[in-house]
Amino acid sequence: MDEAGILRDLRAILGDRGVVADAAGMQPYLEDWTDRFHGRALAVARPASTEEVVGVVALAREHGLGLVPQGGRTSLAAGATPDASGGNLLLSLERMNRILAIDRVGLSVAVEAGAIVDTVRDALREVGRDLPISFGASGSATIGGVAATNAGGANVLRYGMTGRFVLGLEAVLADGTVVGGVTPLHKDNAGLNWPQLLVGSEGTLGIVTRAVLKIHPLNGHVCAALLSVADVATALTLYELAVDRVGERLSAFELMSGSAVRRVETALKTASPIPVSPWMLLIEAASVSASVEADFASFVEAAMEAGLVEDGTIAASGEQAAAFWRLRESLTEAEAKTGPSAKHDVSVPIAALPEFVEAATAALAELDPGLQPNVFGHVGDGNLHFNVLGVDEATRHHVNQSVHDVVASFGGSISAEHGIGQYRLEEAYRLLPDAQLRLQERLKQALDPGGLFNPGKVFRRRPE
Ligand code: 2HG
Ligand code: ZN
């Protein structure tokens, strides 16, 4: 069938509101956040229900069209951007954005996949509950997107990755089957834990249409400190002290290089609340009990007495804490403002962080002494964004390879939280163990033999 016929059938399934096919309307759906990948597509399908998703999947299967699912389009791995062929359909879940049920006692929330993370979190906070999935893009990212990509963020050291929140999913498979649902069961060992197979699959194995997530008590007492330390080794000593003194109430332990913070000051005209030093830490603890405040203050005092901290302050108000977080969450935007960069989202064993930073810095200097790293990340997860400035798409592969080779020498991961998408596809096939790649290919073959879902992401395309 020709393009016009496919669009006619799509409109019959979704109605006019459910289809965007004009160039201007489609534009925002075709670009990735970093502005590095630009794709083309036949149309954007915007279903309003699971049944409509089933209809779109059937249409795509019938015509051999790739289907690229999209949430908030904030992927840093171009996981939701179509390729340049123009032969794919985009599947935006943005109209499926309802909060279906909040269970205060049962500690769960059921939502449609297109619900925005912040919207769900705000609704929960109104009733004294919380969804501590915390990262800069949470105002656009959707629950379906963060579940399908197993998104990370600043609270992972305490609550785990998004997959840890997932109690259940509803999903549409490539053959049109609707599997699962949103009954809030905290325990369910009846068979395989299949929802976790879709977690982190980046839309390549099924389309998440609904989710039921575990929620947490809203911590009424939150403490934040912005501290400067001389080096990464000292940051690690401080982390150990925080674990001892603050325990399970520690909710964030974020590292920022001084040069990354300076970039926020210059590119975004936002001043750092404390003088910029070689390395800075944003540390947070939270609890339902006020006792966390005294314990946090005594931890910071002990750190200062031990000479681990060069300068710093504990936030005296919620506004000051918010200013600390604004600085932290502006690092990505400030980096983007300075031009194209080679992104690295790596993890190594936590104790190896200082040695890794040294080795990766040395490897870059050897490759090209002019290369400038822009480093920040999540100490408690052993996860650093060891990004490199001024590297465009034509040359970034050498830089990626050089940093990833260092990561591999530490037994680390080339993606701690952002995923493979299309950005890291070649590096995944270069560095992931063969046994893992073969297992992944077998799962893909079993669930999506026609290669319908998110072609060219996570999995290499099969030869025609
Ligand atoms: C963060 O930690 C995000 O702020 C984005 O994961 C990291 O911009 C990046 O590379
Ligand atoms: Zn991160």
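Treat the numbers as computed from the prediction; the structure is a model and nothing was measured.

1. Digging into the overall build of the protein chain
Here comes step 1: When its secondary structure is counted, the protein chain shows 16 helices and 19 strands.
Here comes step 2: Compactness check: the protein chain gives a C-alpha radius of gyration of 22 Å against a globular reference of 23 Å for 464 residues, within 12% of the reference.
Here comes step 3: Along the first, second and third principal axes, the C-alpha atoms of the protein chain reach 75 × 55 × 45 Å.
Here comes step 4: For the protein chain, buried positions account for 54% of its 464 residues.
Here comes step 5: In the protein chain, the proportion of contacts linking residues at least 24 apart, taken out of those at least 6 apart, comes to 73%.
Here comes step 6: Of the roughly 19200 Å² that the protein chain leaves accessible, carbon and sulfur atoms contribute 52%.

2. Some details on the sheet that holds strand 4 (residues 88-92)
Here comes step 1: Pairing in this open sheet of four strands is mixed, and the strands run 1-2-4-3 from one edge to the other. At either margin of the open sheet sits one strand with a lone partner, and together these are strand 1 (19-20) and strand 3 (66-70).
Here comes step 2: Bridge analysis of strand 1 against strand 2 (residues 43-45) gives two bridges, and the strand direction is antiparallel. The residue bridging Val 19 from the neighbouring strand is Ala 45, located in strand 2.

3. Focus: the coordination of the zinc ion (ligand 2)
Here comes step 1: Around the zinc ion (ligand 2), the protein contributes the donor atoms His 378 (NE2), His 385 (NE2) and Glu 417 (OE), at 1.9 to 2.2 Å from the metal centre.
Here comes step 2: Taken in sequence order, the residues that donate to the zinc ion (ligand 2) follow the motif H-x6-H-x31-E.

4. Remarks on the pairing of strand 5 (residues 99-103)
Here comes step 1: One ladder, built from four bridges, connects strand 5 with strand 6 (residues 108-112); its direction is antiparallel. Within the sheet, the bridge partner assigned to Ala 101 lies in strand 6 and is Ala 110.
Here comes step 2: Counted along the chain from strand 5 to the antiparallel partner strand 6, the turn is four residues long, and its residue Leu 107 has a positive phi close to 50 degrees.

5. As for the site of ligand 1
Here comes step 1: As a matter of local geometry, ligand 1 sits amid Leu 76, Arg 328, Thr 332, Lys 343, Phe 376, His 378, His 385, Asn 387, Glu 417 and His 418.
Here comes step 2: The separation between an oxygen atom of ligand 1 and a polar side-chain atom of His 385 is 3.0 Å.
Here comes step 3: Contact between ligand 1 and Glu 417: an oxygen atom at 3.0 Å from a side-chain N or O atom of the residue.
Here comes step 4: Alone, ligand 1 offers 300 Å² of accessible surface; in the complex the protein occludes 89% of this.
Here comes step 5: Where the shell around ligand 1 is concerned, the elements lending two or more residues are strand 18 (372-378) and strand 19 (383-389).
Here comes step 6: Here the residues of the shell around ligand 1 sort into two nonpolar, five polar and three charged.

6. Details of the nonpolar core
Here comes step 1: The biggest cluster of nonpolar side chains holds 53 residues, and the ones touching the most others in it are Leu 238, Phe 253, Leu 281, Ile 283, Phe 296, Phe 299 and Phe 356.
Here comes step 2: The set of elements that each furnish at least two residues to this core consists of strand 12 (221-229), helix 8 (232-246), strand 13 (250-257), strand 14 (279-287), helix 10 (291-305), helix 13 (353-367), strand 19 and helix 14 (396-409).
Here comes step 3: Leave out the neighbours within four places in its chain, and Phe 299 touches Leu 238, Leu 241, Ala 242, Arg 245, Val 246 and Ile 283.
Here comes step 4: In this structure, Val 117, Val 146, Val 166 and Leu 205 belong to the second largest nonpolar core, which totals 52 residues.

7. What to know about the sheet that holds strand 5
Here comes step 1: Pairing in this open sheet of five strands is antiparallel, and the strands run 5-6-10-8-9 from one edge to the other. The open sheet is flanked by strand 5 and strand 9 (178-180), the only strands paired with a single partner. For this sheet, the mean inter-axis angle between neighbouring strands, taken without regard to orientation, is 10 degrees.
Here comes step 2: Bridge count between strand 8 (residues 166-172) and strand 9: three bridges; the pairing is antiparallel. Along strand 9, the bridge assignment pairs Glu 170 with Gly 180.
Here comes step 3: In the packing of helix 3 (residues 50-63) onto the sheet, the strands contacted are strand 8, strand 9 and strand 10 (207-214), and the crossing angle to strand 8 comes to about 50 degrees.

8. Topic: the side chain of Glu 202
Here comes step 1: Mapped onto the elements, Glu 202 comes out in the loop between helix 7 (195-198) and strand 10.
Here comes step 2: Nearest to the buried, unbridged Glu 202 among oppositely charged side chains is Arg 424, at 7.4 Å.
Here comes step 3: From its side chain, Glu 202 meets the backbone nitrogen of Ile 420 in a polar contact 2.7 Å long.
Here comes step 4: Non-local contacts of Glu 202, meaning those with residues more than four positions away in its chain, are made with Ala 148, Thr 149, Gly 419, Ile 420, Gly 421, Asn 454 and Val 458.

9. With respect to the pairing of strand 6
Here comes step 1: Among the five residues that make up strand 6, five are buried, leaving the element largely enclosed by the rest of the structure.
Here comes step 2: Across the two faces of strand 6 the burial is the same, with Ser 108, Ala 110 and Glu 112 and Val 109 and Val 111 all buried.
Here comes step 3: Sheet topology note: the strand 6/strand 10 ladder contains five bridges and is antiparallel. In the strand pairing of strand 10, Val 111 is matched with Ala 211.

10. Some points on the packing of aromatic side chains
Here comes step 1: Per the counting criterion, the structure on display carries five aromatic pairs.
Here comes step 2: Summarising the aromatic geometry, the rings of Phe 356 and Phe 386 are spaced 5.8 Å apart at their centres and angled 75 degrees between planes, so their arrangement reads as edge-to-face. Taken together, the residues Phe 356 in helix 13 and Phe 386 in strand 19 connect sequence positions 30 residues apart.
Here comes step 3: Exposure remark for Phe 356: the relative accessible area of 0% places this residue in the buried category.
Here comes step 4: Residues Phe 356 and Phe 410 carry aromatic rings whose centres are separated by 5.9 Å and whose planes lie at 80 degrees to one another, so their mutual orientation is edge-to-face. Pair noted here: Phe 356 is in helix 13 and Phe 410 is in the loop between helix 14 and helix 15 (425-431), with a separation of 54 residues, a long-range link.
Here comes step 5: Through a chain of ring-to-ring contacts, three or more aromatic side chains come together here, namely Phe 356, Phe 386 and Phe 410.
Here comes step 6: When the ring centre of Tyr 29 is taken as origin, the NZ or CZ atom of Arg 73, which lies over that ring, is 4.3 Å away.
Here comes step 7: Cation over ring: Arg 396 sits above Tyr 423, and NZ or CZ is 3.8 Å from the ring centre.

Definitions and limits used
Residues numbered from 1 in each chain as written. Chains lettered and ligands numbered in written order. Predicted model: local features only at pLDDT ≥ 70, side-chain atom pairs only at ≥ 80, totals over all residues. Heavy atoms only, no water. Helix = DSSP H or I, 4+ residues; strand = E, 2+ residues; numbered from the N terminus. Rg over C-alpha atoms; globule rule 2.2 N^0.38 Å. Buried < 20%, exposed > 50% of the residue type's maximum accessible area, 1.4 Å probe, protein only. Contact = heavy atoms within 4.5 Å. Areas by Shrake-Rupley, 256 points an atom, 1.4 Å probe, with all protein chains shown as cover. Pairing = 2+ DSSP bridges. Donors = N, O, S within 2.8 Å, 3.2 Å for Na, K, Ca; no water. Near = heavy atom within 4 Å. Polar contact = N/O pair within 3.5 Å; in protein donor to acceptor, adjacent residues only side chain to side chain. Nonpolar A, V, L, I, M, F, W, Y, C, P; charged D, E, K, R; others polar. Core = buried A, V, L, I, M, F, W, Y, C linked by side-chain atoms within 4.5 Å. Axes fitted to C-alpha atoms, helices over the stretch in contact; angles between N-to-C directions. Lys, Arg positive; Asp, Glu negative; His and termini not counted. Salt bridge = Lys/Arg side-chain N within 4 Å of Asp/Glu carboxyl O. Phe/Tyr/Trp six-rings, centres within 6.5 Å; stacked < 30°, edge-to-face > 60°. Lys NZ or Arg CZ within 6 Å of the ring centre and 35° of its normal.

Nothing here speaks to function; it is all geometry.
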